[in-house]
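# Fold and geometry: a report
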Amino acid sequence: SQTIHQWPATLVQPVGSPLSLECTVEGTSNPNLYWYRQAAGRGLQLLFYSVGIGQISSEVPQNLSASRPQDRQFILSSKKLLLSDSGFYLCAGPGSAAGELFFGEGSRLTVL
Amino acid sequence: AQSVSQHNHHVILSEAASLELGCNYSYGGTVNLFWYVQYPGQHLQLLLKYFSGDPLVKGIKGFEAEFIKSKFSFNLRKPSVQWSDTAEYFCAVNPSGGGADGLTFGKGTHLIIQP
């Protein structure tokens, strides 16, 4: 069965510092992968998705970027964090049926 | 592009009360519909889904949802809630057939069940 690992689980960073959140997927090959951000009262906002190595689609303009260096690895990055980047970041991959998503346990980022 | 609206951001109920959480979507074509749940301290997990067929779908832990095409709605229901149902609930949609661009989520409903 599929598992999604996210690292780190919790992160506190100062404004202006860089960011790297990692997502690795096991139990599936060539998956579509997604980064969502969950902010209080705002639901889940799709940030990026990737259909394969080196292929990234961005849904909203922002201070973040994503990369897919390997089939099962999806990385969310920033060169300089803003206060507004604080939130709960969720990585997702394909679920058991077409269109369904399976989520990792998330990374909570606090920018001070 | 599709959108999802959840009517209530916060709902407080007593144990054994009946639950109905509203969800409406906006999309011109056929859709797949989902309810996800996030229990405190846990990751987001699938509660139930509708792809086609019987518009009344049953999920885990006694939850069900009814797809009403004419109303663009997919409301979540449970006849008798338990304290353990305290969680955040998200409705989501994507076009039928999936597609690569993921799910569109509503803003969520925070449900608190008082013992």
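Above this note sits the structure.
These lines cover the structure that appears in this document, whether it is placed above or below. (Residues numbered from 1 in each chain as written. Chains lettered and ligands numbered in written order. Predicted model: local features only at pLDDT ≥ 70, side-chain atom pairs only at ≥ 80, totals over all residues. Heavy atoms only, no water.)

Our focus in this paragraph is the sheet that holds strand S7 (residues 65-70) of chain A. Residues and elements named next belong to chain A. Sheet architecture is open: four strands sit in the order S1-S3-S8-S7, paired in antiparallel fashion. Each edge of the open sheet carries a strand with a single partner, namely strand S1 (3-7) and S7. Recorded for the sheet is a direction-independent mean angle of 20° between the axes of neighbouring strands. As judged from the six bridges shared by strand S3 (residues 19-26) and strand S8 (residues 73-78), these two strands associate in the antiparallel manner. (Pairing = 2+ DSSP bridges. Helix = DSSP H or I, 4+ residues; strand = E, 2+ residues; numbered from the N terminus. Axes fitted to C-alpha atoms, helices over the stretch in contact; angles between N-to-C directions.)

Quick look at the interface of chain B and chain A now. Opposite the 20 residues of chain B that make contact, chain A presents 21 residues. Taken together, both faces of the contact between chain B and chain A bury some 1,600 Å²; the carbon and sulfur share is 58%. Applying the counting rule to chain B against chain A returns one salt bridge. For the salt bridge of B:Lys49 with A:Glu100, the shortest nitrogen-to-oxygen distance reads 2.6 Å. Here chain B and chain A share six residue pairs in polar contact (both at pLDDT 80 or more) between them. The biggest single contributor to the side of chain B that touches chain A is strand S5 (residues 31-38) of chain B, with four residues. For the side of chain B that touches chain A, the per-class residue count stands at nine nonpolar, eight polar and three charged. (Contact = heavy atoms within 4.5 Å. Buried area = accessible area lost by both parts, 1.4 Å probe. Salt bridge = Lys/Arg side-chain N within 4 Å of Asp/Glu carboxyl O. Polar contact = N/O pair within 3.5 Å; in protein donor to acceptor, adjacent residues only side chain to side chain. Nonpolar A, V, L, I, M, F, W, Y, C, P; charged D, E, K, R; others polar.)

Residue and element names in this part refer to chain A. Within the element layout of this structure, Ser78 appears in strand S8. Ser78 gets classed as buried once you look at its relative accessible area, which sits at 5%. A polar contact is formed between the side chain of Ser78 and the backbone oxygen of Asn63, at a distance of 3.2 Å. Ignoring any residue separated from it by four or fewer positions in sequence, one finds Ser78 in contact with Pro18, Leu19, Asn63 and Leu64. (Buried < 20%, exposed > 50% of the residue type's maximum accessible area, 1.4 Å probe, protein only.)

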